[in-house]
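Spelled out, the chains give:
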Amino acid sequence: MIKFLIKGLLRDKSRSRLPIMVVAIGVTLTVFMHAYITGFMGDTIEMNARFTTGHVKVMTRAYAEDASLLPNDLALMQIEELLDSLRSLYPDMSWSPRIQFGGLIDVPDSAGETRSQGTAIGWGLELIANQDELNRLDLQKALRSGHLPRKSGDALLSHTFAGKLGIAPGDEFTLISSTMNGGMAMYNFRLSGTVHFGVEIMDRGSIIADLKDVQLALEMENAAGEITGFSNTGFYHNNQAEKLSDSFNSKFKTDDEFSPVMLSLSQQGNMGQYVQMSEVWSAYVSLIFIFAMSLVLWNAGLLGGLRRYGEVGIRLAIGESKGHVYRSMIAESVFIGIAGSVTGTAIGLGFAWLLQTYGLDISGMMQGASLMMPTIIKARITPTDFYIGFFPGVISTVIGTLLSGIGIYRRQTAKLFKELEA
Amino acid sequence: METQTIISVKEMYKRFPMGKTEFTALENLNLDFAQGEFTGLIGPSGSGKTTLLNILGSLDVPTLGEATVLGKSIGKLNTHEAAMLRRESLGFIFQSYNLLAVHTVFENVEFPLLLLKIPSQERRKMVQEALEWVGLSDKIRSKPPQLSGGQCQRVAIARAMVKKPKLVLADEPTANLDAANSHHILKTMLTLNQELKTTFIFATHDEKVISYLNRKIYLLDGRVDKDEVVTHNK
Ligand SMILES: Nc1ncnc2c1ncn2[C@@H]1O[C@H](COP(=O)(O)OP(=O)(O)O)[C@@H](O)[C@H]1O
Ligand SMILES: [Mg+2]
């Protein structure tokens, strides 16, 4: 009997191949969309983490309140000691002090007169002491000309920014900014190289220099605006990050507005909403998918069912019970659901893998975007992708059949024949 | 010759809802059928032939009165009991053959035996025998779309007969066939009727079928108009 049903299923293409294709297409879309959105959201989160927020970030309470203004007068002091305790308390994280600042880049001519000027956002990063930040920001890959800073006084500028200012590696320029104490800061740098990250706001007008130089320039010895922390796993985990900052804050935070406070990525700016969105959207996608696919398959099932009234009628006449016919149709749908879902998951993962490996350059669409978003879209395949399409695929096929089969099940046997003869 | 009554219809009515009123398709029928009959329900379209056949085949139930088939009261069977009656004792033949198109001739004829859970070797023998009756042993691997109308109807007869049921119900079995094929299948059925003592009840208005019958029940507007037993020496 089972063999008989399987033969029928395999030979009747409109009964097997068509629904399998419908399911496979739906599952493919779901898996691919999930990997794509996970990749895009994950990349956006990691990019924000790498360039601005860290997975967690330590600041003074006062600095944290106005962090977007980069108030370096409220920076952390005695950072060597703070770094020591962070590194011993949380060894699975890597910690890097940073100074973010605003300033003016002034390029002199041979006579010392201003040749060109431009406003810049600056990063003072540990570039010479260790490789962490170089790797994190993938500076070697971002380098368009010249070399990375090797010694004190070396600095990088955004590639297009340097072009606008008309300077090339080897040329000197002056950073004009304000010191931690509110005085005027002027510091001479040598352009060692130019960089392009593919991140709109980083590529507009940035200066990147070694932390020590920036500390000197802004009179921030043993001080830094922030200490960023990154999980050694490489990816942001919201729960872990929030637990970590809770633990830190219970130890270090006091009423003093200069006491250090740790914020997770989700606790900074509007990243929280984004993180939340990235956590729930996949549930929505699969719900919508189940719903839409059930509808499609219900209708496909109704059509198939109508077409099969003849078959159902004759099976009933020969003495098969209605329950048995109905159950065999459901068993068929389980088979179809599994076959379609396996196919769809494989194809979806294939497409996702392509997008994960090669990426899609959308920098053309990102011109002028102020949000920090990746200009190359990459999918990210996570374990979820192996079941996010699979279960909805099977469930919706079965639901579709359950719904369409009821029509046959509840019809009077004799009536099936009337419809059959018509 | 002693004959056994296998179907008994008493004061039976069948009504169908039609809008707010009801339509009476069968009215106060009283009929007995004996084992081994080769009987036809004869009448114009709409006279109630199919309706009566469906009730006798436990595909439908009487509205009023009693229809007893092989000792079972049709109106009182639940769906499972009705399915069991059909499975064990009834064979159906339809105007439009109703073969399963994706299955081979062998599989189509085998299907009733699968439901009866007959072991595979025995099944094979029974299917082969049934196909010999209808002269289609050479088409065992073919599928219905490759067969002519006459051949399809012979497969349907083999399928109805393979389990040697007590009763075969045939609704306009020759309606789609030419004269030669009609006579061929009628002779086949008559032979099976005589050899296996299978009872046949036809619904028909085809003169060719009528000429083979040994009892003719004329229906008109859901009532028995005439009921005559024929003795002929064919
Ligand atoms: N399910 C049904 N609902 C309503 N009317 C029906 C139904 N089945 C049959 N009828 C009506 O009952 C009458 C007898 O039909 P039927 O038994 O099919 O006639 P025949 O087979 O003799 O042509 C017809 O008028 C038909 O329209
Ligand atoms: Mg009819």
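An account of the accompanying structure is given in this report. (Residues numbered from 1 in each chain as written. Chains lettered and ligands numbered in written order. Predicted model: local features only at pLDDT ≥ 70, side-chain atom pairs only at ≥ 80, totals over all residues. Heavy atoms only, no water.)

1. Topic: the sheet that holds strand β2 (residues 21-34) of chain B
Pairing between sheet strands relies on hydrogen bonds along the backbone, with the strands arranged either parallel or antiparallel. Residue and element names in this part refer to chain B. Rule in force here: Two strands form a pair only when DSSP identifies at least two bridges running between them. Going along the chain from the N terminus, every DSSP run of H or I of four or more residues is numbered as a helix, and every run of E of two or more is numbered as a strand.
In space, the four strands of this open sheet follow the order β2-β1-β4-β5, with antiparallel pairing throughout. Looking at strand neighbours, the two that pair on one side only are β2 and β5 (72-73), the edges of this open sheet. The pairing of strand β1 (residues 5-18) with strand β4 (residues 64-69) spans five bridges and is classified as antiparallel. Residue pairing for β4: tyrosine 13 is matched across the bridge by leucine 64.

2. Remarks on the sheet that holds strand β3 (residues 38-42) of chain B
Residue and element names in this part refer to chain B. Our working definition: Here, axes are lines fitted to C-alpha atoms. For helices the fit covers the stretch in contact, and angles between N-to-C directions go from 0 to 180 degrees.
Read across the sheet, six strands follow the order β6-β7-β8-β3-β9-β10 without closing on themselves; strand pairing throughout is mixed. The outermost strands of the open sheet, each flanked by one partner alone, are β6 (90-93) and β10 (223-229). On average, adjacent strands in this sheet sit at an angle of 15° to one another, irrespective of strand direction. Alignment of strand β9 (residues 215-220) against β10, held across six bridges, turns out to be antiparallel.

3. Side note on the environment of Gly57(B)
Residue and element names in this part refer to chain B. The cut-off we apply is this: Here, residues are in contact when the closest pair of their heavy atoms is within 4.5 Å.
Within the secondary structure, glycine 57 is located in the loop between α1 (49-56) and β4. As for glycine 57 and leucine 85, which are separated by 28 residues in sequence, their C-alpha atoms are 8.6 Å apart. Setting aside residues up to four positions removed in sequence, glycine 57 forms contacts with Arg86, Leu90, Phe92 and Leu169.

4. Description of a negative patch on the surface
Residues and elements named next belong to chain A. For clarity, the cut-off: Think of a patch as exposed residues, more than 30% relative accessible area, with no salt bridge, where like charges cluster within 9 Å and nonpolar side chains (Val, Leu, Ile, Met, Phe, Trp, Tyr) cluster within 5 Å. Residue-level accessible areas treat just the shown protein chains as cover; the underlying method is Shrake-Rupley with a 1.4 Å probe. Each reported salt bridge corresponds to a side-chain nitrogen of Lys or Arg within 4 Å of a carboxyl oxygen of Asp or Glu. Two residue types count as positive, namely Lys and Arg, and two as negative, namely Asp and Glu; His and chain ends fall outside the count. The atom standing in for a charge is NZ when the residue is Lys, CZ when it is Arg, CG when it is Asp and CD when it is Glu. When accessible area is computed with a 1.4 Å probe and restricted to protein chains, residues below 20% of their type maximum are described as buried, those above 50% as exposed, and intermediate ones as partly exposed.
Taken together, the side chains of Glu65, Asp66, Asp255, Asp256 and Glu257 make up a negatively charged region of the molecular surface. Note on placement: glutamate 257 falls in the loop between α10 (238-252) and β10 (260-264). For glutamate 257, a relative accessible area of 44% translates into the label partly exposed.

5. A few points about α10(A)
An α-helical turn contains 3.6 residues, so a residue and the one three or four places further along point in the same direction. All names here are of chain A. Going by this rule: What a helix is expected to span follows from its residue count: subtract one and scale by 1.5 Å. Taking the helix axis as origin, the arc is that swept by the directions to the C-beta atoms.
Counted at 1.5 Å a residue, the expected span for α10 with its 15 residues is 21 Å, and the 21 Å between its end C-alpha atoms agrees. Buried within α10 are the following residues: Asn238, Ala241, Leu244, Ser245, Phe248 and Asn249. Down the axis, α10 shows its buried residues gathered within 130° of arc, on one side only. The exposed residues of α10 that point more than 90 degrees off its buried face are Asn239, Lys243, Ser250 and Lys251.

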